[in-house]
Amino acid sequence: MAEPTMGHPQAAFVDVYRRTVAALTQLTAAHRFIVAAGAGTLAMEMAVVNALGPGERLLVVSHGLFGDRFAAIAASRGIQVERLTPAGPGQAVSPARLETALKSSRFGAVTVTHVDTSTGVRAPVTSYLPVLAASDALFILDGVCATGGIEEPMPQWGVDLLVTTSQKALGVPPGFALLGLSQRAVRKRTSITGPLGAYYTDILNWLPVMDDPSTYFATPPVNLVVALDRGLKIIAEEGLPARIERHERQGRAMQAAWRALGLVPVPAPGLEAPTLSVLRYPQGVEDGPFRAAAEREGALLAGGVGELKGQVFRVGHMGNVTRGELLAVVAAVECALLQCGYRLQLGSGVGAAQAVLGAPPQPAGHP
Ligand SMILES: *Cc1c(COP(=O)(O)O)cnc(C)c1O
């Protein structure tokens, strides 16, 4: 990103841009893929805008703040929304409830958040697939905290619009609205004939540029595209199956560490995301002092958002993180808990994580 900015019509840059579109199309197995400047939220809006014809309703499966955001986007456009939420944070909507909702009325599209970053819940997507396949509603999947770290094959899952962004499991700086499209999603947008009420987010303005990135619609964020290209190269070198397996293992290691420390995750057993942990504060540990102590130990932890604000802290373990970084975070959490008066045995969390991660691989050429 610190390299001098290329001109966006310059052949060298056009090649880089074309490569990112091709790599993301391949990574997600999308029919078409859009790389636009923005943020994950813009990709969410782009999905809603293009998936619904006039008067069509949206069904939102929400496991937290980011699920609810789809409902807010729809409401801002006057789209009627039905929201399915579980009994409490950390739970998931059952496939039976999704089925009942889809049978009781017509929806243009359904949104599911693959990993809701506010609760750490990984949606039981595969259990929804038969129900979704039996409906003609388009399937919008928010993969922001999953793409590149958790399996989410678009064609096999019947995903029509895959929403994602760069700064989560893809491990690239922020600045992108990334959107994978199925053939059905492109056909759906094409079938909407009146004014869309959107311009920058209209996929019909983007598809020709994705076909030929030497053409102009809106100026791409050149240096960021260079970074995205580099990030996608790192992913390709690791290989997606290996990367998914690594995230699974990392998730198990972190969960083992939290268990050893007596911390309670928000997600119900079996719903914990491999990409981040959301943990309840033990009695007597306060959010502000705890996270300040962790930061002094070198770990930047996120606080709770939405209804969990002040009650939980969040630890990301996605993207190009190393075993050393993961173990350092667990050690920092141990120290911060101790400093906040919580009793634990130093090293017990680190040891539990190490036990899952296994012995570090010997470098090539080691005797
Ligand atoms: C972070 C996040 C978003 C929003 O992405 P921004 O780039 O912050 O707009 C949407 N969905 C999920 C699941 C997220 O984790």
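Residues numbered from 1 in each chain as written. Predicted model: local features only at pLDDT ≥ 70, side-chain atom pairs only at ≥ 80, totals over all residues. Heavy atoms only, no water.

A. The arrangement of the overall build of the protein in detail. Per the secondary structure count, the protein includes 13 helices and 13 strands. Taking 2.2 N^0.38 as the reference for a compact globule, 367 residues should give roughly 21 Å; the C-alpha atoms of the protein span a radius of gyration of 21 Å, in line with that estimate. Projected onto its principal axes, the C-alpha positions of the protein cover 65 × 55 × 35 Å. When each of the 367 residues of the protein is scored for burial, the buried share is 53%. Long-range pairs, those at least 24 residues apart, make up 69% of the contacts in the protein with a sequence separation of at least 6. In the structure as shown, the protein presents an accessible area of about 15700 Å², 55% of it carried by carbon and sulfur atoms. Taking the average location of the 30 positive side-chain charges in the protein and that of its 29 negative ones, the two points are 2 Å from each other. (Helix = DSSP H or I, 4+ residues; strand = E, 2+ residues; numbered from the N terminus. Rg over C-alpha atoms; globule rule 2.2 N^0.38 Å. Buried < 20%, exposed > 50% of the residue type's maximum accessible area, 1.4 Å probe, protein only. Contact = heavy atoms within 4.5 Å. Areas by Shrake-Rupley, 256 points an atom, 1.4 Å probe, with all protein chains shown as cover. Lys, Arg positive; Asp, Glu negative; His and termini not counted. Charge placed at Lys NZ, Arg CZ, Asp CG, Glu CD.)

B. Molecular detail of the nonpolar core. Core analysis: the biggest nonpolar cluster contains 76 residues, and I34, V35 and L98 have the highest contact counts within it. Of all hydrophobic cores here, the second largest spans 29 residues; its members include A299, V315, L326 and V333. (Core = buried A, V, L, I, M, F, W, Y, C linked by side-chain atoms within 4.5 Å.)

C. Molecular detail of the site of the ligand. Lining the immediate surroundings of the ligand are 14 residues, of which G40, T41, T117, D142 and K168 lie closest. T41 places a polar side-chain atom, nitrogen or oxygen, 2.5 Å from an oxygen atom of the ligand. At 2.8 Å, a side-chain N or O of Q167 approaches an oxygen atom of the ligand. In isolation the ligand has 380 Å² of accessible area, and contact with the protein removes 88% of it. Ranked by residue count, the leading element in the shell around the ligand is helix α2 (residues 40–51), at three residues. (Near = heavy atom within 4 Å. Polar contact = N/O pair within 3.5 Å; in protein donor to acceptor, adjacent residues only side chain to side chain.)

D. Broad picture of the environment of V21. Tracing the chain through its elements places V21 in helix α1 (residues 11–28). Since its relative accessible area comes to 8%, V21 is described here as buried. It is 9.2 Å that separates the C-alpha atoms of V21 and P213, two residues lying 192 residues apart in sequence. If we skip the residues at most four places from it in the chain, V21 touches F33, V35 and M210.

E. Inspection of helix α3 (residues 65–76) at higher detail. Here α3 contains 12 residues, and its C-alpha end-to-end distance of 16 Å stays within 8% of the 16 Å for a straight helix at 1.5 Å per residue. The complete set of buried residues in α3 reads F66, G67, F70, A71, I73 and A74. Of the residues flanking the end of α3, it is G78, one or two places downstream, whose phi is positive at about 75°. (Expected span 1.5 Å × (residues − 1).)

F. Structural context of unusual backbone geometry. The backbone of A29 shows a phi angle near 55°, a positive value even though the residue is not glycine. Looking at the secondary structure, you find A29 in the loop between α1 and β1 (32–37). A relative accessible area of 38% means that A29 is categorised as partly exposed.

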